[in-house]
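Observations on chain architecture
The primary structure of each chain is shown beneath.
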Amino acid sequence: MHEALPYLGKKLDDELWRDWVLPYRVLEDDLELWRKDFYEQMQPVVQGKKTTKEVATAIHAWLWEKQADGEFRVKWGPVENRTKRLSHILKSRTGGCAELTMLYVAFLRSVGIPARV
């Protein structure tokens, strides 16, 4: 799969792919199979991007984008359960530092970019 992503080219070896792209858990988040859904959500965001930096910047901008209701897609806020599912963070649109970092890392991994906290 990683050879098919134009912004990765041949830069990614199999060990890097296995260690920093394939894992579903980012920290101590609940196990959830988010990859396909996140990959599909990110296709319009990453389309036409030629470098991993462009992709990462576009995903970051998308996460912090204001919505039609004037609120950001996600925002920092206090959380009761520090091990939320990533889909719940998106749905509630709120997360603490760790949750928002986990979400960003998961979106990067979903499009093949090696990422860790």
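Residues numbered from 1 in each chain as written. Predicted model: local features only at pLDDT ≥ 70, side-chain atom pairs only at ≥ 80, totals over all residues. Heavy atoms only, no water.

Digging into helix α5 (residues 97-110)
For α5, spanning 14 residues, the distance from its first C-alpha to its last is 20 Å, which sits close to the expected 20 Å at 1.5 Å a residue. Among the 14 residues in α5, 10 count as buried, and that is most of the element. Three or more residues of α5 are buried, namely Glu 99, Leu 100, Met 102, Leu 103, Val 105, Ala 106, Phe 107, Leu 108, Arg 109 and Ser 110. On its buried face, α5 is in contact with α1 (14-20), α2 (35-46), α3 (52-63), β1 (75-76), α4 (86-92) and β2 (94-95). Immediately beyond the C-terminal end of α5, within one or two residues, lies Gly 112, with a positive phi of roughly 90°. (Helix = DSSP H or I, 4+ residues; strand = E, 2+ residues; numbered from the N terminus. Expected span 1.5 Å × (residues − 1). Buried < 20%, exposed > 50% of the residue type's maximum accessible area, 1.4 Å probe, protein only. Contact = heavy atoms within 4.5 Å.)

A closer look at α2
Along an α-helix, residues three or four apart share an orientation, since each turn contains 3.6 residues. Among the residues making up α2, those that are buried are Arg 35, Phe 38, Met 42, Val 45 and Val 46. Viewed end-on, α2 has its buried residues packed into an arc of 80°, placing them on one side of the element. For α2, the exposed residues lying more than 90 degrees away from the buried face are Lys 36 and Pro 44. On its buried face, α2 is in contact with α3, α4 and α5. Of the residues trailing α2, Gly 48 is marked for its positive phi of about 85°. (Arc of directions from axis to C-beta.)

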